[in-house]
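Overview (structure and organization)
One letter stands for each residue in the lines below.
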Amino acid sequence: MSYLEVERSLSGRRWVGPGIEVDRAAEAIAQDTGLPRPLCQTLARRGVRADEAEAFLNPQLRDLLPDPRSLKDMEKAASRFLHALKSKERIAVFADYDVDGGTSAALLIWWLRDMGHSATLYVPDRIDEGYGPNEPAMADLAKDHDLIICVDCGTVSHGPVAAAKGADVVILDHHLGGEELPPALAVVNPNRQDESGDLAHLCAASVVFLMLVEANRQLREVKVQGPDLMALLDLVALATVADVAPLIGVNRALVRQGLKVMARRARPGIVALSDVARMDTAPSSYHLGFLLGPRVNAGGRIGQADLGARLLSTDNMHKAKAMAERLDMLNTERREIETSVRAAAMAQAEARGLDAPLVWAAGEGWHPGVVGIVASRIKEATNRPAVVIGLDGDEGKGSGRSISGVDLGASVQKLAAEGLLLKGGGHKMAAGLSMTRAGLEAAMARLSELLAKQGAGNAGPADLKLDGMLMPAAATVELIEMIESAGPFGASAAAPRYAFADMEIKFAKRVGDSHLKLSFTDGMGPRIDAICFGAFDTDLGPRLLEHDGMRFHLAGRLEINEWGGRRQVQLRLEDAAPAHRA
């Protein structure tokens, strides 16, 4: 049954409220703890019991951090790393070009710098070299280095690892592994096929962090003090959120502690990036995912591949400012390219049909640096796994994004094993792939079949899940602060979403090209401001702007808007429906 009888909202979605079991659990938590009901509703939705509430609201990293040695090859990797340090060997870090790769490299470089050692950073060019280690680069690095550490890549790079003759290779990764591992000295990866899968939700930066925990432990055994690892958690937090790792278990604790470290503004690269992004409040998971992450990624997408990693690694504020400004400019350019490709891809996908298990599009000259973002946008719009491919000559390179419950990475890996791809891999929610132009249609047809077996074609438009209903008088800054104690929110831990029923719109104004700013009230409580991003990309913006006195149910997430020293409640509006008052 729909919530507030909204079967089809202005964005075409059905509203769904909390189930009876969640309501009962929330009531039990409220009675036992005395916490506000909206917070109890959030805890109940996360499966937290009354006796677990205090620990959940105050997660301690020491209680949740896994033993690094629970991962295969971890002791071997840390030992080889420390041997290179002690023997003053030449170390190279081969990193992926995204946020997870850049932060992973920065973690190693900062740790080594604290220990008086340096490392060579190598990030492959997305267009010229593609994802992951390649044979020429690894062979060249091996000529001048004793140890090559591959971060956020390498698990399926058999040929390139073998090409690193004369150097040891250690892989710290989280992407799905094949049946056979490459000939590296150590492959530390919670998604190796012979791992339990208990830590499969870790991003690469978290794997690197655990390796440094193990390295510090081995140093303590010989009475040597290692660097302060807690001070590195801002990098781990940025990677976890930007790589859309689920904010559960230890990930949640890592991000929470990392945000506190970031608020100290001690790392030049993150400070400079925050300033160009005009962040004027304490960092949150939103800032990491939507302001900092895209800018770090911009270098790898359309500019200099290693720029993000160098920014995060530098201890020079002057250099950091210059690199941050360059990344900000590249991010603006990336948005313009993305807008063009997105329009073309969506038109092609609509012509092909949006009801299939897989929604895909391919276009001549589409920039490989934006196909992943466009795939994500199409996935969000259709509630289907999406793949977007840029064609160049006889080859196509693309990226895919998946929906909850559908493992895209495993299907792409199977496609590669069947010989339908030149290259392919990834994890549950995202994958990269390349194929011949001639084999494009066959590859997409087979991928659609594989995804259909996982139920990808069964879902309609995504329901809008609501945590309950609030009156404007109940939406206070104090309540929002208490709800935020159940965060941080993000992947697999959605921020609570509330409905405000039968509201009168007092003010509405278009902001920029596609956003809507409004205020609303129930006529009894205070007026609440709201912002709806991308409102004019759907019917939502026009209908609310031209409301003609009509009353609406409004739904979205509450946040605190800080401006001019004042802190006010704001609704980040996501959907609306006519109230249909009798």
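A brief look at the structure comes next. Throughout this description, residue numbers start from 1 for each chain and increase along the sequence as written. Note on the predicted model: pLDDT of at least 70 is required for a residue's local features to be given, and 80 or more for side-chain atom pairs to be given and counted; whole-chain, interface and lining totals, by contrast, use all residues. Neither water nor hydrogens contribute to the side-chain values; these are computed over all heavy atoms in the structure.

Turning next to unusual backbone geometry. Leaving glycine out, the prevailing phi sign among residues is negative, and the prevailing peptide bond configuration is trans. In this structure, the amide linkage connecting G487 to the following residue, P488, adopts the cis form with an omega of 5°. Note that P488 resides in the loop between α19 (477-484) and β14 (498-511). Look at D73: it is not a glycine, yet its phi comes out positive at around 70°. Counting through the fold element by element, D73 comes out in the loop between α4 (61-64) and α5 (74-86). Classification of D73 by relative accessible area gives partly exposed; the value is 24%. Phi is positive for D502, close to 55°, though the residue is something other than glycine. By the secondary structure assignment, D502 is in strand β14. Strands here mean DSSP runs of E at least two residues long; helices mean DSSP runs of H or I at least four residues long; both are numbered from the N terminus. Relative accessibility thresholds used throughout: buried, under 20% of the residue-type maximum; exposed, over 50%; partly exposed, between the two (1.4 Å probe, protein chains only).

Another point: the sheet that holds strand β8 (residues 386-392). With mixed pairing, the five strands of this open sheet are ordered in space as β7-β8-β9-β11-β10. What marks the edges here is a single partner per strand, and that holds for β7 (359-364) and β10 (423-427). For this sheet, the mean inter-axis angle between neighbouring strands, taken without regard to orientation, is 15°. Each pair of strands is called paired provided DSSP finds at least two bridges between the two strands. Sheet topology note: the β8/strand β9 (residues 395-401) ladder contains seven bridges and is antiparallel. Residue pairing for β9: G390 is matched across the bridge by K397. For helices, the fitted axis covers only the stretch in contact; all axes are lines through C-alpha atoms, and the angles between them, taken along N-to-C directions, range from 0 to 180 degrees.

We now examine the environment of I403. Following the sequence through the fold, I403 ends up in the loop between β9 and α17 (408-417). Spatially, the C-alpha atom of I403 lies 36 Å from that of R527, the residues being 124 residues apart in sequence. Apart from the residues within four sequence positions on either side, I403 is in contact with K379, N383, R384, P385 and M429. Contact definition: two residues touch when any of their heavy atoms are within 4.5 Å.

Each pair of aromatic rings taken from Phe, Tyr and Trp, with Trp reduced to its six-membered ring, is defined by centres within 6.5 Å and is described as stacked if the planes are under 30 degrees apart, edge-to-face if over 60, and tilted in the remaining cases. This model, assessed by the stated rule, comprises four aromatic pairs. To sit over a ring, a charge needs its Lys NZ or Arg CZ within 6 Å of the ring centre and within 35 degrees of the ring normal. Lying over the aromatic face of W360, R352 brings its terminal NZ or CZ to 3.6 Å of the ring centre. Sitting over the ring of F536, R510 keeps its end group 4.0 Å from the ring centre.

What follows covers the pairing of strand β4 (residues 147-151). The buried fraction of β4 amounts to five of the five residues, a majority that puts the element mostly inside the structure. In β4, alternate side chains face the same way, and those of L147, I149 and V151 on one face and I148 and C150 on the other are all buried. Here strand β2 (residues 91-95) runs beside β4; their pairing, made up of five bridges, is parallel. From the neighbouring strand, A92 faces β4, where its bridge partner is I148.

The buried count for strand β16 (residues 528-532) comes to four of five residues, which makes it a mostly enclosed element. Bridge count between strand β15 (residues 515-521) and β16: five bridges; the pairing is antiparallel. Within β16, the position partnered with S519 by the bridge is D529. Here β16 pairs with strand β18 (residues 566-578) via three bridges, running parallel. Of the residues in β18, the one forming a bridge with I531 is R572.

Within soluble globular proteins, side chains that are nonpolar tend to cluster in buried spots. Definition of nonpolar core: a set of buried residues of the types Ala, Val, Leu, Ile, Met, Phe, Trp, Tyr and Cys, connected through side-chain atoms within 4.5 Å. Counting 83 residues, the largest nonpolar core has F81, L108, W111, V151, L172, M211 and L212 as its most contacted members. Ranked by residues supplied to this core, first place goes to helix α9 (residues 204-221) with 10 residues. The contact partners of V151, leaving out residues within four places of it in the chain, are V93, F94, A95, D96, G101, S104, A105, L108, L172 and V208. Counting residues in hydrophobic clusters, the runner-up holds 44 residues, among them L470, I483, L558 and I560.

Here a salt bridge means any side-chain nitrogen of Lys or Arg lying within 4 Å of a carboxyl oxygen belonging to Asp or Glu. On inspection of all chains with the given rule, the structure shows 37 salt bridges. Across the pair E221 and R69 runs a salt bridge whose closest N-O atoms are separated by 3.4 Å. Here the residue E221 occupies a position in helix α9, and R69 occupies one in the loop between α4 and α5, the gap between them amounting to 152 residues. Overall, the relative accessible area of 31% leaves R69 in the partly exposed class.

Let us now look at the packing of helix α15 (residues 317-352) against helix α16 (residues 371-382). Remark: α15 packs on α16, axes separated minimally by 9 Å, with the N-to-C direction vectors making an angle of 50°. Compared by their axis directions, α15 and α16 come out oblique. Between α15 and α16 lies a crossing whose hand is right-handed. The segment α15 lies against α16, with R334, E338, V341, R342, A345 and M346 engaging I373, V374, R377, I378, A381 and T382. Any angle between 65 and 115 degrees counts as roughly perpendicular, while under 35 counts as roughly parallel, over 145 as roughly antiparallel, and the rest as oblique. The crossing is said to be left-handed when, going from far helix to near helix, the turn is anticlockwise and less than a right angle, and right-handed when the turn is clockwise.

Geometry only, nothing functional implied.
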